[in-house]
Structure formats: C-alpha cells, structure tokens
Amino acid sequence: MRRLIFDSDHDQFRESVRKFMLAEVAPHAERWRDQGFVDRDIYTKAGDQGLLCTWADEAYGGLGIADFRFEQIIIEENMRHGELGFYINLHSNIVAPYLADLGSDEQKQRWLPGVIAGRHILAVAMTEPGAGSDLAGMKAKAEDNGDHWLLNGSKTYISNGQLADLVVVAARTDPASKHGLGLFVVEAGMPGFDRGQRLKKMGMEAQDTSELFFNDVKVPKDNVLGQATAGFRYLSKFLAGERLVAAVGSMACAQTAFDLTLDYVKQRRAFGKPIGAFQNTRFVMAQLRAELDSMQTYVDQLVLLYNDKALSAEDGAAAKLLATELEGRVMDACVQLHGGAGYMAEYRIARMYTDARITRIFGGTSEIMKEIIGRSLGLDDRKLA
C-alpha cells in the first residue's frame, strides 16, 4: 500500500540514504558480523553525509530538521540495505536526545559536535544483571563527594558497549527513594570504568554488546544530565520515543523479509511449478501483506504524533508491542516458506530470523508493554485492590 506521510523531499532523501547504505555499509556487513562489531569509521562517514542526528541544531553541526520522518527513513534504509548491527538508531534517536534535551549549554557544546560528526559514539547503560526491565530495582549507585560523584556498579547487555566514547549511565542517587536516580555521562578512559568481554549473541552479530563495570569512577559534576535525582522521570520521558524507534525498525525488517520471501516463492519450484502458485503460499503471503500494511499505517501515524510532541507512553508501548510481535510472526512464516534454505545461514532470511528475536525483549519486553497499556486503562492492581 502506498504510504501517505512522505513528500518529494523525503523521497529524495531516501534515495541518497539508500545509496549510502549500499555503498558504505552493505559491502562490509559480512566482515562486521564475523568480527563482532562495526568499524568506527562508519560513524564518521555517516556524519560526513549528515545522517547522524538530523534533528540537532545547526549550531552544533546538525541539519536542524525537526521532522522525525527523516530519521525514520535512515532507520528503514539501514534495515533494508545496510546492516542491522550498525546501530545508528541507538546513537541518533535514543542516546543523543538525552544530551540535547537534558544537557546544559556547556555540555551540548562539549559533546554534540563530536556526536553529530561521528567522532563520539554513544551508548546508554540502564540494564543490570539482576534488574532487567525493572528500573526501580537498579543497584548501581552514585554518591555525592563534593566536586564529583563516585559511581559504582555494573551494567549488562549494553549495545555499543565496546565502541562507545560516551555512555549515559543511570545510577541510584537517593537510597531512600526507588525512583531517586541520576544520569551520568561516563567518558572512555575515565579511571575505574572498564568494559567486559563482548557478549556472544544468537543474532545481531555485528552489533557489539557488552558488560560495563564502574569501580569508584569519579564523575565530574559537569557530567551530570539535569537534576541528579530526576533520572527516573527522564528515562520515562524518553522511553516512548525509544519504543517508536524500535517499532520503525521492526516494520522495516518485517517488510524486507516479506520482499525477500515474495521473490523466493516466485522462483523456487516444487512439483513442477513455483511454490508461490500453491494456495497455502498465497494465503500466507496475503495475510502477511494485509497485516504489514495495517501496522505500517499505524506506526506512520504515530510518527506524525511524535512530530507534534503528542506521543504518549502507551502509544509508544503499543507500537513496540504490536510491531515487534508482527515482526516475529513474519520472520517465522518467511523461514517456513523458504523451507530448508530458510535454516541456512547463507540465506539472509535465516539471519533476520535470529536478529528479530531480541526486539520483543529490548527496550522493555512485550509483557512490560502490556503492563503500561493496561495501567493506562485504569487496570492497576494497586487501584483496583
């Protein structure tokens, strides 16, 4: 179905992004998956093309385009023609907004130019070994020591953990309050900040994921984002947008899997005819086509709400829940239609299948998304007990 939210400027931009992904990302994807991380210079190349943080103020080197559709296009084209492990979406759409929205003028001048140019790669560290999606159960702590904060704790499953130059770390600052958290920008090379081994995953091999350790890290007061006890509120504020980003990526991957499979079933023959000619194949593909069109329309509408600063927490949760669950169903059906070939790593659909499994977990599990939506309906056990 034709999408209605883009105009000719978006179409031209999409074409330029596609050319970049095909020329600078796709040729290196297999090597990146083998080595377990992308080359650092892909970020600087993207920065040179103006593909990092398009929304950022021109004063810091950004394009100053306050239209998320341009970021949506970058995410979609990377998923389709680049490499999922090039986590440009984490850098530009999840972590950088913390610096831009919460940072002081001095902090933004210090960090954003390097972020936009791709010299400073970003990560955010929330998840802990024993906490998972439960931010209130966070154990990492920071103590106020006058001219600095003393940070201790560990984080796990941190995307860009090996490559990151700047890590936004959430830590408990008020022991008396489960919501008393602060956000601290930890810079590579700070004494006491160590990275564990790159974690091996079932998918997304090119996306480096690590444990991070903080042992008496002295974080200058100038590296605190916003109020030192308001981190929980800040995290909640940004999570709706993060979940929309996840939904955009899941839809792009699901559509790509559908396209690959449509080509395959037209060409693969069995019993003397293309397998796409069998009724079961037609029905499966027809069902997927209808669901993809419906969900894409929903996600596109939420992108417009995001542009109007009207995206609610439950909107973001619903987008992530429905898009990632649909992605999982699409991947499973597409592998099935590929038959034995779908289980072979040489076929892209096999890699996409394992890559997709994490999307129902990261950024808040599907179960957590249902909790958020349910509570927005007034279905809260604390209120109904």
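Further up the page is the structure itself.
Residues numbered from 1 in each chain as written. Predicted model: local features only at pLDDT ≥ 70, side-chain atom pairs only at ≥ 80, totals over all residues. Heavy atoms only, no water.

Q: How do you make sense of the environment of Leu337 when you look at a structure like this?
A: Within the element layout of this structure, Leu337 appears in helix α9 (residues 313-338). Since its relative accessible area comes to 11%, Leu337 is described here as buried. Placed 322 residues apart in sequence, Leu337 and Glu15 show a C-alpha to C-alpha distance of 30 Å. (Helix = DSSP H or I, 4+ residues; strand = E, 2+ residues; numbered from the N terminus. Buried < 20%, exposed > 50% of the residue type's maximum accessible area, 1.4 Å probe, protein only.)

Q: Explain the pairing of strand β1 (residues 122-125) here, please?
A: Each regular strand shows side chains that alternate between the opposite faces of the sheet. Burial along β1 is two-sided: Leu122 and Val124 facing one way and Ala123 and Ala125 facing the other are all buried. Relative to strand β4 (residues 166-172), β1 is paired through four bridges, and the arrangement is parallel. When the bridges of β4 are listed, Leu122 appears paired with Leu166. (Pairing = 2+ DSSP bridges.)

Q: I keep staring at the packing of aromatic side chains and nothing clicks. Help me out?
A: By convention here, two paired aromatic rings are described through the distance between centres and the angle between planes. What the rule picks out here adds up to eight aromatic pairs. Arranged with centres 5.1 Å apart and planes meeting at 75°, the rings of Phe13 and Phe70 form a pair that is edge-to-face. A residue pair is termed long-range when its members are at least 10 positions apart, and Phe13 in helix α1 (residues 8-25) and Phe70 in helix α4 (residues 68-81) qualify at 57 residues. Phe70 matches Phe13 in its accessibility class, with the two residues each being buried. Where Tyr43 meets Phe86, the ring centres are 5.1 Å apart and the plane angle is 80°; that geometry is what we call edge-to-face. A residue pair is termed long-range when its members are at least 10 positions apart, and Tyr43 in helix α3 (residues 41-48) and Phe86 in the loop between α4 and α5 (88-102) qualify at 43 residues. In terms of burial, Tyr43 and Phe86 fall into one category: buried. When the ring centre of Phe258 is taken as origin, the NZ or CZ atom of Arg289, which lies over that ring, is 4.7 Å away. (Phe/Tyr/Trp six-rings, centres within 6.5 Å; stacked < 30°, edge-to-face > 60°. Lys NZ or Arg CZ within 6 Å of the ring centre and 35° of its normal.)

Q: Quick question: what am I supposed to make of the packing of α4 against α5 here?
A: The description of two helices packed together rests on the angle between their axes and the distance between the axes. Look at α4 against α5: their axes get within 10 Å of each other, and the N-to-C directions meet at 160°. On the basis of the axis angle, α4 is roughly antiparallel to α5. Relative to α5, α4 is oriented so that their crossing is left-handed. Contact with α4, carried on its side by Phe68, Glu71, Ile74, Ile75, Asn78 and Met79, involves Ile88, Asn89, Ser92 and Asn93 of α5 and no other residues of that element. Residues that form the contact of α4 with α5 fall into these classes: five nonpolar, four polar and one charged. (Axes fitted to C-alpha atoms, helices over the stretch in contact; angles between N-to-C directions. Parallel < 35°, antiparallel > 145°, perpendicular 65-115°, else oblique. Left-handed = near helix turned anticlockwise from the far one by under 90°. Contact = heavy atoms within 4.5 Å. Nonpolar A, V, L, I, M, F, W, Y, C, P; charged D, E, K, R; others polar.)

Q: How should the pairing of strand β5 (residues 181-187) be read in this particular structure?
A: Among the seven residues in β5, six count as buried, and that is most of the element. Examined bridge by bridge, β4 and β5 share seven bridges and lie antiparallel to one another. Across the sheet, the residue bridging to Val169 is Phe184, located in β5. In this structure, β5 lies alongside strand β8 (residues 224-225), joined through two bridges in antiparallel fashion. Residue pairing in the sheet places Phe184 in a bridge with Val224 of β8.

Q: It is not clear to me how the layout of surface pockets should be interpreted in this structure. Could you clarify?
A: In this approach a probe as big as a water molecule rolls over the atoms, and the regions it shows empty are the leftover space. Taken as a whole, the second largest pocket spans an internal volume of roughly 670 Å³. Considering the residues around the second largest pocket, the lining is formed by 23 residues, among which Pro97, Asp101, Phe238, Tyr306 and Lys309 are closest to the centre. Of all the elements in the fold, those that place two or more residues in the lining of the second largest pocket are α4, α5, α7 (231-267) and α8 (279-307). When residues in the lining of the second largest pocket are grouped by element, the largest group, six residues, is from α7. (1 Å grid on protein atoms, 1.4 Å probe; cavity = no way out; pocket = protein on both sides within 12 Å on 5 of 7 lines; lining within 4 Å. Points joined across faces, edges and corners; volume = space filled by probe spheres on them.)

Q: Sorry if this is basic, but what is going on with the nonpolar core here?
A: Soluble globular proteins: nonpolar side chains tend toward being buried together. If you look at the biggest cluster of nonpolar residues, it comprises 94 residues, and the most contacted ones within it are Leu99, Leu183 and Leu225. With near-sequence residues (within four places) excluded, Leu225 lies in contact with Tyr98, Leu99, Leu102, Gly103, Gln107, Trp111, Val168, Leu183, Val185 and Tyr234. Counting residues in hydrophobic clusters, the runner-up holds 21 residues, among them Ala123, Ala171, Phe184 and Phe193. (Core = buried A, V, L, I, M, F, W, Y, C linked by side-chain atoms within 4.5 Å.)

Q: What's the story with the packing of α7 against α9 in this structure? I'm lost.
A: Running from N to C, α7 and α9 point in directions that differ by 20°, and their axes come no closer than 8 Å. The angle between α7 and α9 falls in the class roughly parallel. The handedness of the crossing between α7 and α9 comes out as left-handed. Here the residues of the contact of α7 with α9 sort into 20 nonpolar, five polar and three charged.

Q: Before we go on, may I ask you to explain unusual backbone geometry in this structure?
A: Trans peptide bonds make up most of the peptide bonds, and negative phi angles are found at most residues other than glycine. Its identity is not glycine, yet Cys53 carries a phi of approximately 55°, on the positive side. Taking the relative accessible area as the measure of exposure, Cys53 reaches 0% and is therefore buried. Backbone geometry at Asp216 places phi at a positive 50°, although glycine is not the residue there. Positionally, Asp216 belongs in strand β7 (residues 209-220).

Q: Would you mind showing me how to read the pattern of salt bridges here?
A: Note that side chains of opposite charge can pair when their charged atoms are close. All told, the structure shown has 19 salt bridges when counted by the stated rule. Between Arg33 and Glu83 there is a salt bridge whose closest N-O contact spans 2.9 Å. On the criterion of sequence distance, the pair formed by Arg33 in helix α2 (residues 29-35) and Glu83 in the loop between α4 and α5 is long-range, its members being 50 residues apart. Overlapping salt bridges bring together Arg3, Arg14, Arg18, Glu76, Glu77, Arg80 and Asp300 as one network. (Salt bridge = Lys/Arg side-chain N within 4 Å of Asp/Glu carboxyl O.)

Q: Explain α8 here, please?
A: Owing to its 3.6 residues per turn, the α-helix aligns residues three or four sequence positions apart on the same side. Taking 1.5 Å as the rise per residue, α8 with 29 residues should run 42 Å; its terminal C-alpha atoms sit 42 Å apart, in good agreement. What α8 keeps buried is the set Thr281, Met285, Leu288, Leu292, Asp293, Met295, Gln296, Val299, Asp300, Leu302 and Val303. Elements that come into contact with the buried residues of α8 comprise α4, α7 and α9. Positioned one or two residues after α8, Lys309 has a phi angle of 55°, which is positive. (Expected span 1.5 Å × (residues − 1).)

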